[in-house]
Amino acid sequence: QGLAVSLGALAAQDSVPEVRAQALATLRDLAQCSPASFEPHAGMALPRILAALNDDDFPEVALCASDTLDGVIESLPAAAALHALAPHVGSGAAAPVRCLGGVIARMAPDALMRSTPDLVPGLVEAFNSNSADVRKAVVDTLVAMYDSLGDWLLPQLSGLSPAQQKLVTIYINRHLERPAGA
């Protein structure tokens, strides 16, 4: 019931900002306290959470949405989080792409390898965003993928322009040159 009420409050055009912020906090708490029960509903909740991130009129709602997104994604198993985020990666927002980096770090390389065909098109689309924040999030995510998959990833990135591929390669090399633990 709490899930339905919270989703309804987020969907209602006339709900006050405090109610939307509380609904977001409730979704986060539900996901963290009962991940198995929340998991089947993540696909329905995530679009509403992502929409709340863009609430320019009420920054407290957007801030709460950011906390909720992080909490929901962290509480889901990596495969479920990836499945919930993948459709939103190319949406033009940085938040789903940034969350994806954390999910990738929790995945086994073979599972990530199987998911790569679902992820790369959205990442390529997001890389073409006008927002530098989105493009940086894509580069960080691709570096995290490379960290897990190694050179196997590079041919999968053929949809990137040569300049984008070069930029990713530069960041991969910087990541590899860092001392361990830095």
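What you see is a predicted model, and the numbers here were worked out from it, not measured in a lab.

Peer 1: I'd love a proper account of helix H7 (residues 94-106), names of residues and values included.
Peer 2: Along H7, the positions that sit buried rather than exposed are Ala94, Ala95, Pro96, Val97, Cys99, Leu100, Gly101, Val103 and Ile104. For H7, the elements touching its buried residues are helix H4 (42-53), helix H5 (59-75), helix H6 (78-85), helix H8 (109-127) and helix H9 (132-149).

Peer 1: Any chance you could break down the nonpolar core for me, citing the residues and the numbers?
Peer 2: By size, the foremost hydrophobic cluster in this structure holds 61 residues, and its most contacted members are Phe38, Leu69, Leu123 and Leu142. Per-element accounting of this core gives the leading share, 9 residues, to H9.

Peer 1: Quick one: what's the story with the packing of H4 against H5, residue by residue and with numbers?
Peer 2: Packed helices, taken two at a time, are described by their axes: the angle between them and the distance between them. Relative to each other, H4 and H5 sit at 145 degrees, their axes nearing to 7 Å. In this structure, H4 crosses over H5, and the sense of that crossing is left-handed. Between H4 and H5, the residues in contact are Leu46, Ile49, Leu50, Ala52 and Leu53 and Val61, Ala62, Ala65, Ser66, Thr68, Leu69, Val72 and Ile73, respectively.

Peer 1: Quick rundown of the pattern of salt bridges? Include the residues and the values.
Peer 2: Throughout the structure, instances matching the rule amount to 5 salt bridges. Among the ionic pairs, Asp133 bridges to Arg98, the shortest N-O distance being 3.1 Å. Of this pair, Asp133 sits in helix H9 while Arg98 sits in helix H7, placing them 35 residues apart in sequence. Assessed through its relative accessible area of 43%, Asp133 is described here as partly exposed. For Arg114, the salt bridge identified is with Asp110, shortest N-O distance 3.5 Å. Residue Arg114 and its partner Asp110 are both found in helix H8; the two are separated by 4 residues, about one turn of the helix. Looking at Arg114, the relative accessible area reads 59%, which means it is exposed. You can call Asp110 partly exposed: its relative accessible area is 45%.

Peer 1: Go over the packing of aromatic side chains with me, naming the residues and quoting the values.
Peer 2: Scanning the entire structure with this criterion turns up 0 aromatic pairs. Seen from the ring of Tyr171, Arg174 lies directly overhead, with NZ or CZ sitting 5.0 Å from the centre.

Criteria and cut-off values
Residues numbered from 1 in each chain as written. Predicted model: local features only at pLDDT ≥ 70, side-chain atom pairs only at ≥ 80, totals over all residues. Heavy atoms only, no water. Buried < 20%, exposed > 50% of the residue type's maximum accessible area, 1.4 Å probe, protein only. Helix = DSSP H or I, 4+ residues; strand = E, 2+ residues; numbered from the N terminus. Contact = heavy atoms within 4.5 Å. Core = buried A, V, L, I, M, F, W, Y, C linked by side-chain atoms within 4.5 Å. Axes fitted to C-alpha atoms, helices over the stretch in contact; angles between N-to-C directions. Left-handed = near helix turned anticlockwise from the far one by under 90°. Salt bridge = Lys/Arg side-chain N within 4 Å of Asp/Glu carboxyl O. Phe/Tyr/Trp six-rings, centres within 6.5 Å; stacked < 30°, edge-to-face > 60°. Lys NZ or Arg CZ within 6 Å of the ring centre and 35° of its normal.

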